[in-house]
Amino acid sequence: LNEQEEKPLVVKADGLAAGKGVIVCNTRDEAIDAVNRIARDMEFGAAGDEFVIEERLYGQEASVLAITDGRTLVTLPAAQDHKPALDGDMGPNTGGMGAYSPTPLIDDATQRKVEEEILVPTVHAMKRSRNPFRGVLYAGLMVTPHGIRVLEYNVRFGDPECQVLLMRLRSDLLDILEATVDGQLSALQPPDWDPRPSVCVVMASQGYPGAYQKGLPIRGLAQAAEVPDVKVFHAGTTVRDGAIVTTGGRVLGVTAIAETTALAKLQAYRAVKCIRWEGAWCRKDIADKAIHP
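Throughout what follows, the structure given in this document is the object of discussion. (Residues numbered from 1 in each chain as written. Predicted model: local features only at pLDDT ≥ 70, side-chain atom pairs only at ≥ 80, totals over all residues. Heavy atoms only, no water.)

Description of the overall build of the protein chain
Along the protein chain, the regular secondary structure elements total 7 helices and 16 strands. Considered along the principal axes of its C-alpha atoms, the protein chain spans approximately 60 × 50 × 40 Å. Taking all 293 residues of the protein chain together, 45% fall into the buried category. Charge separation in the protein chain, taken as the distance between the mean sites of 32 positive and 39 negative side-chain charges, equals 2 Å. (Helix = DSSP H or I, 4+ residues; strand = E, 2+ residues; numbered from the N terminus. Buried < 20%, exposed > 50% of the residue type's maximum accessible area, 1.4 Å probe, protein only. Lys, Arg positive; Asp, Glu negative; His and termini not counted. Charge placed at Lys NZ, Arg CZ, Asp CG, Glu CD.)

Overview of the side chain of T255
As for its placement among the helices and strands, T255 is situated in strand β16 (residues 250–257). When its relative accessible area of 0% is taken as the criterion, T255 is described as buried. Polar contacts involving the side chain of T255 include one to the main-chain carbonyl oxygen of G253, which spans 3.2 Å. Beyond its immediate stretch of four places on either side in the chain, T255 contacts Q163, V164, M167, S198, V199, C200, D229, V230, K231 and F233. (Polar contact = N/O pair within 3.5 Å; in protein donor to acceptor, adjacent residues only side chain to side chain. Contact = heavy atoms within 4.5 Å.)

Side note on the environment of L86
Within the element layout of this structure, L86 appears in strand β7 (residues 84–86). According to the relative accessible area criterion, L86 is partly exposed, its value standing at 42%. Spatially, the C-alpha atoms of L86 and Q206 are 13 Å apart, while their sequence positions differ by 120 residues. Beyond its immediate sequence surroundings of up to four residues, L86 is in contact with G91 and R283.

Concerning the sheet that holds strand β2 (residues 22–25)
Taken together, 3 strands build an open sheet; the order of strands is β2-β1-β3 and the sheet is antiparallel. Every other strand in the sheet has two partners, leaving β2 and β3 (51–55) as the edge strands with one partner each. The sheet shows a mean angle of 20 degrees between the axes of neighbouring strands, taken without regard to direction. Direction of pairing for strand β1 (residues 9–13) relative to β3: antiparallel, over a ladder of 5 bridges. Following the sheet pairing, V10 is matched in β3 by E54. (Pairing = 2+ DSSP bridges. Axes fitted to C-alpha atoms, helices over the stretch in contact; angles between N-to-C directions.)

Printed below as a string of structure tokens:
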């Protein structure tokens, strides 16, 4: 770092860090501090035994997922996650504080470009290397002034992208997954998607993405379930003595679907207001990038 020209960088713990091992740095001093936090202070535990230093990209993030049986690729509608903890994309990175789908960042032409230039070549390369992949391929993208760049790959639906996508999926997911396992995706009709937008708001524990208290009783889940076109997905909860209590940093994914993104956001936050536990919090601006571009 001391030998490099000073420029914005990103320092990442190379192991599994529950989505929290990424430190975005504006200066050399910040990058050196990030290395010390990861490698000397072991802030992310064994995930920081190795770390990666990368160029910082500027733009907006988007997530494009696909399901593949190794030969056929079914691309899902794009979504946009919100990684920073606080409104206005401020604060430390998290595993994701909310998402919405579809996103104006990825129009039909861009979606085809992502499929042709990123997803299909990846699946073909894995097949050629004798490591054929079947399952969900998650491409975390950055839409930059210089084009689309791949920030990360994963092999799962992603949280909170999964919630907004499944709220819109009308086809039977089990049929799609079984066809994937059997190598028969090409025999299926394309998935049927609800054209209405969906918005997911993550409710988190006080202190997240740092240390947080567990075992706090959650109130208002029944009232939230009564809000029309809303589902509350549990992420960091458990049952103790017959009551639902917190056990994780990201506790609930409150998800709504409606005729417009603005209405879906309104319904999701209506349900959020029903739910309470000590220290519960969430971002207040999920999906605003689509509503107020």
